Amino acid sequence: MFTYNEFNHHENKTFIFVENTLFVSGICTILVHHNLDARKIDFHEINTNDLNESFFICHVKNEEMEEKSQLLKLIDKNINIVIIKNNIDYNEIESLMKIGVNGICLTDIDEQYLLHIVRQVQNGQFFLDSRLTNLIIQENKRMLENGNKKKELDYEAMNNLLTKREIEILQLLAQGFSNIQIGSELFISSKTVKNHVSNIIQKLQVSDRLNAVISAIKNNWISFD
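Residues numbered from 1 in each chain as written. Predicted model: local features only at pLDDT ≥ 70, side-chain atom pairs only at ≥ 80, totals over all residues. Heavy atoms only, no water.

Asker: When you look at the sheet that holds strand β2 (residues 38–40) in this model, what are you seeing that I'm missing?
Answerer: Hydrogen bonds along the backbone pair up the strands of a sheet, which may run parallel or antiparallel. If you walk across this open sheet you meet the six strands as β2-β3-β1-β4-β5-β6, and the pairing is parallel. In the strand order of this sheet, the two ends are held by β2 and β6 (127–128), each with one partner. Pairing geometry for strand β1 (residues 14–18) and strand β3 (residues 55–59), over five bridges, is parallel. Of the residues in β3, the one forming a bridge with Val18 is His59. (Pairing = 2+ DSSP bridges. Helix = DSSP H or I, 4+ residues; strand = E, 2+ residues; numbered from the N terminus.)

Structure representation (structure tokens):
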């Protein structure tokens, strides 16, 4: 079994765990085509190879995703892990996030979306497929409202903390929109959207955009009607 010391001198490494074995070669080919250092690797061979590349694509069975993610994070918490699965439920997403996985998405993605994922993760940001964002938001909303009567939105508190534009963007984030989609909807650049999202995260004192939405739900700022 590999040890911490075998990883310690390798910085900013990203492991991409892929459930569908047919996609492993394709993902590797795409990354290499875009001049990213990547190669396929068998999880059990990690301790016998010199890890000189930045990206390692592994086929991992559905039922082993959590176990192997946890193992890598225990060895070195700075290793990035991206999970690409056919299907995933709320409880599994929650477990993977607690382990510290850096990216989670569904299998049916195109080339540009894949590049967006790996670049965001390499830049130190957490990535969650927008389709899964909706799942988490709705589950948190359901749990929050379970047994409670519907309340009027707290516009006063929201307006005191966020600008009108930030409120618009927060609402779109809650619908699972990406920065590019938000920019298209509001006729602003994705860079401007990114700046607004950063301001929202800072003002709400949360770690990422998903938790910003969850915080807004808990504060009764968002309507799903």
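Asker: Whenever I open this one, the packing of helix α10 (residues 190–204) against helix α11 (residues 209–218) confuses me. Can you help?
Answerer: Helix packing geometry: the angle between the two helix axes and the distance between the axes. In the contact formed by α10 and α11, the axes pass within 9 Å of each other and the chain directions differ by 55 degrees. Overall, the two elements α10 and α11 adopt an arrangement that is oblique. Judged by the twist between their axes, the crossing of α10 over α11 is left-handed. Taken together, the residues of α11 that come into contact with α10 (itself represented by Val197, Ile200, Ile201 and Leu204) are Arg209, Ala212 and Ser215. (Axes fitted to C-alpha atoms, helices over the stretch in contact; angles between N-to-C directions. Parallel < 35°, antiparallel > 145°, perpendicular 65-115°, else oblique. Left-handed = near helix turned anticlockwise from the far one by under 90°. Contact = heavy atoms within 4.5 Å.)

Asker: Teacher, can you tell me more about the nonpolar core here?
Answerer: Nonpolar side chains tend to gather and get buried jointly when the protein is soluble and globular. Counting residues in hydrophobic clusters, the biggest one holds 48 residues, and the most contacted among them are Phe15, Phe17, Ile104, Leu170 and Val213. In this structure, Phe55, Val82, Cys105 and Leu114 belong to the second largest nonpolar core, which totals 18 residues. (Core = buried A, V, L, I, M, F, W, Y, C linked by side-chain atoms within 4.5 Å. Buried < 20%, exposed > 50% of the residue type's maximum accessible area, 1.4 Å probe, protein only.)

Asker: Mind showing me how you'd approach unusual backbone geometry here?
Answerer: Peptide bonds are mostly trans, and most non-glycine residues show a negative phi. Of note, the phi angle at Gln205 is positive, near 55 degrees, even though the residue is not glycine. Mapping Gln205 onto the fold places it in the loop between α10 and α11. Positive phi values are uncommon outside glycine, yet Asn220 reaches one of about 60 degrees. With respect to the helices and strands, the residue Asn220 is situated in the segment after α11.

Asker: I'm lost on α11 in this one. Help?
Answerer: Residue pairs three or four apart in sequence face the same way in an α-helix, which turns once every 3.6 residues. Burial of α11 is extensive: seven of the ten residues sit out of reach of the surface. Where α11 is concerned, the buried positions are Leu210, Ala212, Val213, Ile214, Ser215, Ala216 and Ile217. A distance of 3.2 Å separates the backbone nitrogen of Leu210 from a side-chain oxygen at the start of α11, and that oxygen is part of Asp208. The first or second residue beyond α11 is Asn220, which carries a positive phi of 60 degrees. (Polar contact = N/O pair within 3.5 Å; in protein donor to acceptor, adjacent residues only side chain to side chain.)

Asker: Looking at this structure, I do not really get helix α8 (residues 164–174). What am I missing?
Answerer: Here α8 has its buried residues at Glu166, Ile167, Ile169, Leu170, Leu172, Leu173 and Ala174. With its phi angle positive at about 85 degrees, Gly176 sits one or two positions after the end of α8.

Asker: How should I be thinking about the packing of aromatic side chains in this particular structure?
Answerer: The way to describe two aromatic rings as a pair is by their centre distance and the angle between their planes. A complete count under the given rule lists three aromatic pairs for this structure. Relative to Phe56, the ring of Phe15 has its centre 5.1 Å away and its plane inclined at 25 degrees; by these criteria the two rings are stacked. One end of the pair, Phe15, is in strand β1; the other, Phe56, is in strand β3, and 41 residues separate them in sequence. Classification of Phe15 as buried rests on a relative accessible area of 0%. With a centroid separation of 5.9 Å and an interplanar angle of 70 degrees, the aromatic rings of Phe17 and Phe43 are classed as edge-to-face. Within this pair, whereas Phe17 is found in strand β1, its partner Phe43 is found in the loop between β2 and β3, the two being separated by 26 residues in sequence. The same class applies to Phe17 as to Phe43, namely buried. (Phe/Tyr/Trp six-rings, centres within 6.5 Å; stacked < 30°, edge-to-face > 60°.)

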